[in-house]
Amino acid sequence: MFRLLCLSWFLGMANGLQAQNRPGQFEFRHIQEEQGLSSNAITSFYHDRDGFLWVGTHDGLNRYDGSHFITFRSNKKDPAALLHNSIYDLCEDQQGNIWAATEVGVSSYNKTTGRFRNIKSVQGRRLGWCTNVLCDRNGDIWFASYYAGLYRCVVKTGQIQFFPFDPRDTPQTISSRISLQSLIEDPDHRGLWVGDKKQGLQYFDITRQRFGPSPGKHPQLDAYKQHYVTALALDDHRLIFGDATDERVVVYDLQRGQLIKAFPLVSKKGRDPFDLPAIFADRAHNLWISSSSYLMFFAEADTYRVTEFFHDDASPYSVAGSVFFTAWQHPDGSVWLGTVNGISITNLERSFYTTHNLAQQFPALTDHYGITSFLESADGSWWLGTSRQDLLHYFPKTGQLETYKQRNQTALHPIGLIFNYGGLLYLGMETGLTTFDPRTKQYTTIPTPDSLWADIPKIGHMTLRHDQIWLSGASKQVWCYTIPTGQWHRYPIASASTDPKFRVRFSLVDHRGDLWLEVYPAGLFRFSKAKNQFINDQPAMSEDYSLTLTSFNQDKQGYFWMTSIGQGLVRYDPRRKQYTYWNESDGLNSDRIWAGLPDQRGSIWIAAYNKFSVYSPRDDSFFNFRVPFNQADPEYVNYLFPMRNGHLLAAMKGYLLEFAPEKLARAPVSKTSGVLINEVTTSDTTYFIHGGVRELRIGADKKDFTVHFAALVTPEHSMIRYKYQLEGFDTSPKVSSQTFAVYNKMPGGDYRFIVSGVMPDGTNTVVSNLTIHIDSHLYETKWFWGSIGLILLGLLLGFMWYRSDQTNQLHQLQVQATRLERDKTEIQYQNLINHLNPHFLFNSLTSLNSLIMANPREASKFLRKLSIIYRYILQNKDKELVTLGDELTFVQNYIDLQQSRFGTDLQITVDVAPDYLARLIVPVTIQNLLENAIKHNTMDEESPLQIRICTADNTLIVVNNLQRKVFVETSNKQGLASLRSLYHYLSRREIDITETDTHFMVSVPLL
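Residues numbered from 1 in each chain as written. Predicted model: local features only at pLDDT ≥ 70, side-chain atom pairs only at ≥ 80, totals over all residues. Heavy atoms only, no water.

### Some remarks on the overall build of the chain
Our working rule: Per the convention used, a helix needs a DSSP run of H or I reaching at least four residues, while a strand needs a run of E reaching at least two, with both numbered from the N terminus. Buried, partly exposed and exposed residues are distinguished by accessible area as a fraction of the type maximum, computed with a 1.4 Å probe on protein chains only: under 20%, between the cut-offs, and over 50%, respectively. Contacts are residue-level and defined by heavy atoms, with any inter-residue pair within 4.5 Å sufficient. Each accessible area value is a Shrake-Rupley result obtained with a 1.4 Å probe; residue values ignore everything except the protein chains displayed when judging cover.
Looking only at helices and strands, the chain has 10 helices and 74 strands in total. Of all 1007 residues assigned to the chain, the portion counted as buried reaches 54%. Taking the intrachain contacts of the chain between residues at least 6 apart in sequence as the baseline, contacts between residues at least 24 apart amount to 54%. On the chain, roughly 45,800 Å² of surface is accessible, and the fraction owed to carbon and sulfur atoms is 50%.

### Remarks on the nonpolar core
Threshold: Each nonpolar core is a collection of buried residues, namely Ala, Val, Leu, Ile, Met, Phe, Trp, Tyr and Cys, held together in the definition by side-chain atoms within 4.5 Å.
L884, I921, I926, L930, I947 and I949 are the most contacted members of the largest nonpolar core, which has 41 residues in total. Contributing elements (two or more residues each) for this core: α7 (856-875), α8 (884-902), β69 (906-911), α9 (925-936), β71 (945-951), β72 (955-961), α10 (975-986) and β74 (999-1005). With seven residues, the top contributor of residues to this core is α8.

### Examining the pattern of salt bridges
Short version of the rule: Any carboxyl oxygen of Asp or Glu that lies within 4 Å of a side-chain nitrogen of Lys or Arg is treated as forming a salt bridge with it.
Counted under the stated rule, the structure contains 27 salt bridges. Ionic pairing is found between K405 and D390, a salt bridge with its closest N-O pair at 3.5 Å. Here the residue K405 occupies a position in the loop between β35 (400-404) and β36 (415-421), and D390 occupies one in the loop between β33 (382-386) and β34 (391-395), the gap between them amounting to 15 residues. On the basis of relative accessible area, D390 is assigned to the buried category, the value being 0%. Across the salt bridge formed by D701 and K702, the nearest N and O atoms sit 3.7 Å from each other. By sharing partners, the salt bridges in this structure join D48, R49, D50, E92 and K111 into a single network.

### A closer look at the pairing of strand β58 (residues 655-659)
Spelled out, the test is: When DSSP finds two or more bridges between a pair of strands, those strands are recorded as paired.
In terms of residue burial, β58 counts as a mostly covered element, since five of its five residues are buried. Along β58, one buried face is formed by Y655, L657 and F659 and the opposite face, lined by L656 and E658, is buried too. Pairing between strand β31 (residues 353-357) and β58: five bridges, direction antiparallel. For H356, the partnering residue across the bridge sits in β58 and is L656. Bridging between strand β57 (residues 648-652) and β58 involves five bridges; their strand directions are antiparallel. Residue pairing across strands places L649 opposite E658, the latter belonging to β58. Hairpin geometry of β57 and β58 is characterised by an intervening segment of two residues between the two adjacent antiparallel strands and by a positive phi of about 65° at K653.

### Observations regarding the confidence of the model for the chain
Test applied: Every residue gets a pLDDT, meaning the predictor's confidence in that residue, from 0 to 100.
Averaged over all residues, the pLDDT of the chain equals 85, while 88% of them reach at least 70. Low pLDDT, under 50, characterises residues 1-24; the stretch is placed with 95 contacts to residues that sit more than four places away or in other chains. Every residue in residues 666-672 scores below 50 in pLDDT, and together they form 12 contacts with partners more than four places removed in sequence or on other chains.

### Notes on the packing of aromatic side chains
Pairs of aromatic rings are described using the distance from one ring centre to the other and the angle between the two planes. Quick reminder of the rule: Ring pairs are drawn from Phe, Tyr and Trp, using the six-membered ring of Trp, whenever the two centres fall within 6.5 Å, and their geometry is named by plane angle: stacked under 30 degrees, edge-to-face over 60, tilted for the rest.
Under the definition given, this model contains 66 aromatic pairs. Between F352 and W605, the ring centres sit 6.4 Å apart and the planes meet at 55°, which makes this aromatic pair tilted. In this pair, F352 sits in the loop between β30 (342-347) and β31 while W605 sits in strand β53 (residues 604-608), placing the two residues 253 residues apart along the sequence. On the basis of relative accessibility, which here comes to 1%, the residue F352 falls in the buried class.

### So, the sheet that holds strand β26 (residues 295-299)
Using the following cut-off: Note on geometry: axes are lines fitted to C-alpha atoms, helical ones only across the stretch in contact, with angles between N-to-C directions running from 0 to 180 degrees.
Read from one edge to the other, the open sheet built from four strands follows the order β24-β25-β26-β27, with strand pairing classed as antiparallel. Of all strands in the sheet, those bounded by a partner on one side alone are β24 (278-281) and β27 (306-309). Across the sheet, the axes of successive neighbouring strands diverge by a mean angle of 20°, strand direction being ignored.

### So, the side chain of E931
To be explicit about the condition: Charged residues are defined here as Lys and Arg on the positive side and Asp and Glu on the negative side; His and the ends of the chain fall outside this count.
With respect to the element layout, E931 can be found in helix α9. Despite its burial, E931 remains without a salt bridge, the nearest opposite charge being carried by K935 at 5.2 Å. Sequence-distant contacts of E931, that is, excluding residues within four places in its chain, are made with Y894 and Q898.

### Quick word on the packing of α8 against α9
Condition: Our angle categories are set so that under 35 degrees counts as roughly parallel, over 145 as roughly antiparallel, 65 to 115 as roughly perpendicular, and the remainder as oblique. Under the grouping applied here, Gly and all other residues not named as nonpolar or charged are polar, the nonpolar ones being Ala, Val, Leu, Ile, Met, Phe, Trp, Tyr, Cys and Pro and the charged ones Asp, Glu, Lys and Arg.
Where α8 contacts α9, the axes come no closer than 8 Å and their chain directions differ by 25°. Overall, the two elements α8 and α9 adopt an arrangement that is roughly parallel. Every residue of α9 that contacts α8 at L884, E887, L888, F890, V891, Y894, I895, Q898 and F902 is listed here: T925, I926, Q927, L930, E931 and I934. Each residue belonging to the contact of α8 with α9 can be placed in one class, and the counts come to 10 nonpolar, three polar and two charged.

Here it is as structure tokens:
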């Protein structure tokens, strides 16, 4: 919405510079609550050092960037919020804090913290209504309370000082009142000027800290000390104020010490204009004056000639409200008025067209097509033809209009051509040629041959070439009238077309003096002097365009330019015989074009009702704009006429708009005209951006964000576009008319958002930038993934090492297992050999034989136990493990055999805890250990061999007293070693062999 307003600001007021002679025609554009303002009741403006405009209202404080409003309001639950929603004045201190004078005190907004510091009372007295606030050159803040007086806040110390008019006054007893908007700093920065209802105009000396005479002697100002003085303003060194006592606006030169002017304000509404809430001096030294009686005035610079301007409900382009309380001038020259109904904007400096509303003086122009033809006289007056055949004589400098009616006029036959020859005006119409004598005010009809009307029943177009008038229409014949001789000649159009709609729509004389015709449907024809006829040696254009052409002109480069209803713009190059087409998709404001005309700078002006485009062939760009006329009335045709001063005149029914192409030239863009980055928003957070913010940090959980930006600048006669890029993400800049950029699912990292404004001629404003850092989740950081990569690499290397080590270990285990299996087999074989060897068998059989003879029953038991031993050995020779209980049961048979053999010389004790009987052991282990003890030790009645079998700490212990034999006949020294190897294969615990001087002990782990 505001982009449309941006256009209108540069369009400004319709009169342009001449409007200063007729300021009643000011045209305003408005910004109101519909565009985001917190309230239409505007009280104050302040343009801060960052480029933002702060707008005080009766319902909140607003920060404005040209497109977006950020609103601050009071909140009783938040002591750091705005003190009160009614704002009366604004300023900025040297630290960039924004100070606001409110209904109940002053507030200071810290841009960095986003919080307000509020001052409601001083020395125990409530401030109440604070009307003014300003920052002096030392950085101190001065504010005026209507009920409490003048105060200074020393920013460095935070101390607040009170200064009364009357030395007898205290903060608790105030006798004076300081008027609204009547506190300003003197140009020499050594004092303040204060306006008061009772005390009048006063000077406060900052150095002496008291009211009194100003350093310069100004005796003429002493007369206003007891007057009712309001609305102080400065214009360079001129002090301006409203004197409600004498009902004058006073202009006083402080530098020269002279009264320049004291002039009254007289309203057409008959109201008393005083007192004055606001006076504003623009940079051209014009005064904008507002009255509490709902009146507004414009006083021209130097002359101070006053013109009253009004709010008109019937005109959307009048000022928005009936009174304004504040004003500000943009660097582009536009004046912003803060009214009771929003912001109204106009521009006296930058307007590039002047409006002439002739329908106000001649209402008949509102019928049918209005003004249809134009001729500029040497004296600067304009002759205008109308669709009703009325001839108008208009004097643009004075606004005077004269009308001359023709007899038997009809609205069906407009005046299509006016030119001057020999002091007479020649008027071309469908019904023929007529002359008008400006001296006698008489019309004369030029006789035409009857054969002309037989060829051309209705004249469609006329062209002046030297002293000849060429007439054409729906015919293959063109008639020529030579003015000096009054002779008529006929020339044919060499066309083979049989189309019944054949007609000449346009004709023109090119820069070489050749005559051209635009003919439907045959195309372009050129008059050949050699053949004395019109010939067609040009290619035809697209049929879609040829159906609907509305204008035909040539520029200085020799190109023909044509416009079309519904199809757009056409250029024809007669040298290359080539057509080029443009429509809305290429940037045109509208495809429905009624007129097109090149200007002297080479740009093409295009009219489509109240929409206009200016095409620049140099950079192939369009500048589009609208004018606020005939928006609801499409019953007319646009006409464009060249003027001798290089301007173009556009006819829009009863309006004439004089365009000045030279004012459309782009001036260098000021550094203050950059794009403002206003805020960055996420789903739940808004980050305000200001001049002190160069970098923004966004949390890892806010990957979606929007950057809002705009230019608080009226683009040079155009709607501004924006070129932006998020460096580090966008591969190339984007150009858009939108004032925001949306980014979603952004990866963490550092980015740089850059944005600039793009003018229609391709020039850019100063680039604005903001560094944005987006935090990353742990799993999104590079070092995290680098660590993961290193870990994975380490795991891979570790796995490879582990597999290699496992392979080696497996190989070793396989070798060990093979070896242990072999050892096991050897042990088992050795056990089997031990128990099957001839000596053991022989000894056993000998013992058996003795028992058979001595005690057959015992012999039978002996034999049975011997068989049990060999059966157990044979049954468990392939088993790795048996339970300790089974092993003890087996070994008891062996013990019985040995005790039968050795008697009391062998003493074997078994002391095994029942808890260990389920544990596992290698088969025949105990038997081997007993056999080993019997084999290597001596025994007799006096020294028996004592063997004890017990358990402790998951271990089976076999211990015997040591009575070592000198020679063991059957020992191979491998029994215990093989048994140790076998247990090493089966368990991490090994067999422990302990030998002392008296005992030999073998500890076997239970599995």
